[in-house]
Structures are given as C-alpha cells and as structure tokens.
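Working through the structure, step by step
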Amino acid sequence: MAQANAPDTLSRPSIDPEEIEKFSRIAAEWWDPDSKFKPLHKFNPARLRYIRDTVLDHFGREPGDAPLNGLKLLDIGCGGGLIAEPMARLGADVTAVDAAEANIKTATVHAEEQGLDIDYRHGTAEQLLEDGEAQFDVVLNLEVVEHVADPAAFLKDCAKLLKPGGIMVVGTINRTSKAFVFAIFGAEWVMRWLPRGTHRFEKLVKPSEVRSALAAEGMTVREPDGVSYNPLRDEFEITADASVNYLMVAVKS
C-alpha cells in the first residue's frame, strides 16, 4: 500500500512544486467523471486499449482474463490511479508512484474499495533508483513529462527503471501551434474541460525530445501515434496525427 515520504526528501528532477500543488488541490476529484478530470476519463479508453495491445504484442501474449499476469509494471506519475487500476485488473503486478501525496491517498482509498492490490507510493522515479528498486517489465509514463522540472533527466531515470527487453509507453502533448489551439486554448479556455493553467505551452515536449532522451539510455524508440478527439463520436481514438496528443513506445535493448 502507500508508502509516504516527507515532501522535502523527494529528488528534484521530477519535482516542480507549482505543478504538484496544482494537482494536489483537486486530488479528491480523480474518480468523478464529471469533475476537472473529465477529459482523462474520455481519454482513458483509447489509451488503455493502446497500452494493452502494445504490451501483449511485445511479450507475445494473447488476450484473456489476466493477460498481463506475471509482468511487473510501474505507473510513474499515477495521479488517482486511472491507469493503475485497469492494469491491475489485467493481471499486472502494479507499482504506482506520484509526487503529490494527496493523489496517492485518493488512489489508495479507491483501490481498497475496489479490492485491488496496488503498491501505491508517494515518491519519484529518482527516489526509486536511489532506493535500489528492482527493474520493471513495463513502465507507463503518461501525461506527466510535461509537468516535471527536467523532462530529459526524468525520462532517462524512467529508462533506468526498465529491464532489458522491457517496454515503456510515454504519453504527452506535443509543443506545436495546433496543440496550443486545441489542448490549451480550446480545452482550458473555450470548452473548460480543464482548469485554466493546467498546461503551460513552454513545458510541452516534442516527440524528438522524448526520442533523444530515451535513445541516450540505449532504447529503441518508435514513431509516435496520435490520440485525437472525434467530436462526432464524442471520443478519443488512435490516429496518425501526433501534432496534439501522442503516445510513443520505446523498447530497452
């Protein structure tokens, strides 16, 4: 269950105090589909299918009741557990870490209510490395890199937590004019799907920057896949357009 660490002990590259405070203020709303996290609830089905299918294909597994059984999975920047819980239901041995203690408390309570055994921890990727954490088969790095203080250092630390032959999925927002229009101005100021200020354009991360950081750690990085909103269906879907939201897969040699 959650292992609390004092905030001043958390290592720095993952820590942007302003970002942590921002999400701590709304932590109790994670599991409310009509809350400030409504976009993530809409976003989740597409990325969950993508992650499931990508991991099964990588490890040569077939769909079933618990297809990820035996795989050790890290959800870094787990928030309230919107990804960690489905991964646990798929059979993975899930460790989920977040720098905001309020998120971990929310996630822990919800998992217990669902009867799920998830190792929630208040901490950072750097802290896991410092503590000598055993490496993982799968690392999920979703909608977090744009909120950390040093994205390149953070990605490299996440790569170090992955076993040789393991797979990482990175999800974030591209730093493009289209992303500014749709993901920031549109989502935060027009549609008001997210609180204003949730994302800052200068902190967004390009696919080339993700690739550079992970390649430096000996990882083979695939081309990005886009995640686009379809207004006719009122849902997100995987597309070839990575100019706004995108997912990238990297495999450790």
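So, a few notes on the structure that sits alongside this text.

The rules behind the values
Residues numbered from 1 in each chain as written. Predicted model: local features only at pLDDT ≥ 70, side-chain atom pairs only at ≥ 80, totals over all residues. Heavy atoms only, no water. Phe/Tyr/Trp six-rings, centres within 6.5 Å; stacked < 30°, edge-to-face > 60°. Buried < 20%, exposed > 50% of the residue type's maximum accessible area, 1.4 Å probe, protein only. Helix = DSSP H or I, 4+ residues; strand = E, 2+ residues; numbered from the N terminus. Lys NZ or Arg CZ within 6 Å of the ring centre and 35° of its normal. Core = buried A, V, L, I, M, F, W, Y, C linked by side-chain atoms within 4.5 Å. Contact = heavy atoms within 4.5 Å. Pairing = 2+ DSSP bridges. Right-handed = clockwise from strand over helix to strand, strands pointing away. Polar contact = N/O pair within 3.5 Å; in protein donor to acceptor, adjacent residues only side chain to side chain. Arc of directions from axis to C-beta. Expected span 1.5 Å × (residues − 1). Bend = angle between axes of the 7 residues up to and from the residue.

**As for the packing of aromatic side chains**
In the structure shown here, the tally under the stated rule is four aromatic pairs. On the basis of an interplanar angle of 15° and a centroid distance of 3.8 Å, the ring pair of tryptophan 30 and phenylalanine 37 is categorised as stacked. Phenylalanine 37 carries the same exposure label as tryptophan 30, and that label is buried. Relative to phenylalanine 236, the ring of phenylalanine 43 has its centre 5.1 Å away and its plane inclined at 90°; by these criteria the two rings are edge-to-face. One end of the pair, phenylalanine 43, is in helix H2 (residues 38-58); the other, phenylalanine 236, is in strand E8 (residues 235-239), with 193 residues separating them in the sequence. As far as the burial class goes, phenylalanine 43 and phenylalanine 236 line up, both buried. Taken together, Phe43, Tyr229 and Phe236 form an aromatic cluster joined through their ring pairs. Lying across the ring of phenylalanine 136, lysine 72 places its NZ or CZ 4.1 Å from the centre.

**Considering the nonpolar core**
Ranked by size, the top nonpolar core spans 39 residues in total, and within it Met87, Val94, Ile118, Tyr120 and Leu140 carry the most contacts. Of all the elements in the fold, those that place two or more residues in this core are H2, helix H3 (84-89), strand E2 (93-98), helix H4 (101-113), strand E4 (136-142), strand E5 (162-173) and strand E9 (245-252). If we skip the residues at most four places from it in the chain, leucine 140 touches Ile51, Leu73, Leu74, Asp75, Ile76, Ile83, Met87 and Val169. Listed in part, the 28 residues of the second largest apolar core include Leu74, Val144, Val205 and Tyr246.

**Some words on the pairing of strand E1 (residues 72-76)**
Side-chain positions along a regular strand alternate between the two faces of the sheet. Of all five residues making up E1, five are buried, and the element is well covered by its neighbours. Along E1, one buried face is formed by Lys72, Leu74 and Ile76 and the opposite face, lined by Leu73 and Asp75, is buried too. Pairing of E1 with E2, which is carried by five bridges, proceeds in the parallel orientation. By the bridge assignment for E2, lysine 72 is matched with aspartate 93. A crossover connection joins E1 to the parallel E2 through H3; in handedness this β-α-β unit is right-handed. Pairing geometry for E1 and E4, over four bridges, is parallel.

**Points about the side chain of asparagine 174**
Structurally, asparagine 174 is set in the loop between E5 and helix H7 (177-190). At a separation of 3.0 Å, a polar atom in the side chain of asparagine 174 contacts the main-chain carbonyl oxygen of alanine 242. In contact with asparagine 174, other than residues within four places in its own chain, are Ala179, Leu204, Val205, Lys206, Pro207, Ala242, Ser243, Val244 and Tyr246.

**Things to note about helix H8 (residues 207-215)**
Among all positions of H8, only Pro207, Val210, Ala213 and Leu214 are buried. Buried residues of H8, viewed axially, fall in a sector of 130°; they line one side.

**Section: the pairing of E5**
Here E5 lies mainly inside the structure; nine of its 12 residues are buried. Tracing the backbone out of E4, into helix H6 (residues 151-160) and back to the parallel element E5 gives a crossover that is right-handed. Of the pairings in the sheet, the one linking E5 to E9 comprises seven bridges and is antiparallel in character. In the strand pairing of E9, threonine 172 is matched with tyrosine 246.

**Quick look at H2**
In a regular helix each residue adds 1.5 Å, so 21 residues correspond to 30 Å; H2 covers 30 Å between its end C-alpha atoms and thus fits that length. The principal kink in H2, of about 40°, is found at asparagine 44, preceding the proline proline 45 by one to four residues. Regarding H2, the residues found buried are Pro39, Leu40, Phe43, Asn44, Ala46, Arg47, Leu48, Tyr50, Ile51, Thr54, Val55 and Leu56. Buried positions along H2 lie against H3, E4, E5, strand E7 (225-230), E8 and E9.

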